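As a plain string of letters, each chain reads:
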Amino acid sequence: MANVVAEVANAIVERDPDTKFYVGYVPGFPGAHSQGETLDELQENLREVIEMLLEDEDLG
């Protein structure tokens, strides 16, 4: 059985007036930024970025 760790990260989200995309970043977490056409897409993209950053941190 895999170990699952759930954590909450607050993100700052804005909507780009030109592209109409949502853009977001997690303060204090270098590299944790992404974008999406919808808030759900942005949330999933940020989750994936954070997972990758944490994996890289574990390997380093």
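Quick look at the structure, then.

**Notes on a negative patch on the surface**
In step 1: Residues Glu48, Glu51, Glu55, Asp56, Glu57 and Asp58 make up a contiguous surface patch of negative charge.
In step 2: Mapping Glu51 onto the fold places it in helix 1 (residues 39-59).

**As for the sheet that holds strand 1 (residues 12-15)**
In step 1: With antiparallel pairing, the 3 strands of this open sheet are ordered in space as 1-2-3. Looking at which strands have only one partner, the edges of the open sheet turn out to be strand 1 and strand 3 (33-36). Across the sheet, the mean angle from the axis of one strand to that of its neighbour is 20°, orientation sign disregarded.
In step 2: As paired strands, strand 1 and strand 2 (residues 22-25) are joined by 4 bridges and run antiparallel to one another. Opposite Glu14, over in strand 2, you have Val23 as the bridge partner.

**Concerning the pattern of salt bridges**
In step 1: Throughout the structure, instances matching the rule amount to 1 salt bridge.
In step 2: A salt bridge links Arg47 to Glu44; the nearest nitrogen and oxygen atoms lie 3.1 Å apart. Of the two residues, Arg47 and Glu44 both sit in helix 1, 3 residues apart, roughly one turn of that helix.
In step 3: Residue class for Arg47 comes out partly exposed when judged on its relative accessible area of 40%.

Thresholds, definitions, all that
Residues numbered from 1 in each chain as written. Predicted model: local features only at pLDDT ≥ 70, side-chain atom pairs only at ≥ 80, totals over all residues. Heavy atoms only, no water. Patch = residues over 30% accessible without salt bridge, like charges linked within 9 Å, V, L, I, M, F, W, Y side chains within 5 Å. Areas by Shrake-Rupley, 256 points an atom, 1.4 Å probe, with all protein chains shown as cover. Salt bridge = Lys/Arg side-chain N within 4 Å of Asp/Glu carboxyl O. Lys, Arg positive; Asp, Glu negative; His and termini not counted. Charge placed at Lys NZ, Arg CZ, Asp CG, Glu CD. Helix = DSSP H or I, 4+ residues; strand = E, 2+ residues; numbered from the N terminus. Pairing = 2+ DSSP bridges. Axes fitted to C-alpha atoms, helices over the stretch in contact; angles between N-to-C directions. Buried < 20%, exposed > 50% of the residue type's maximum accessible area, 1.4 Å probe, protein only.

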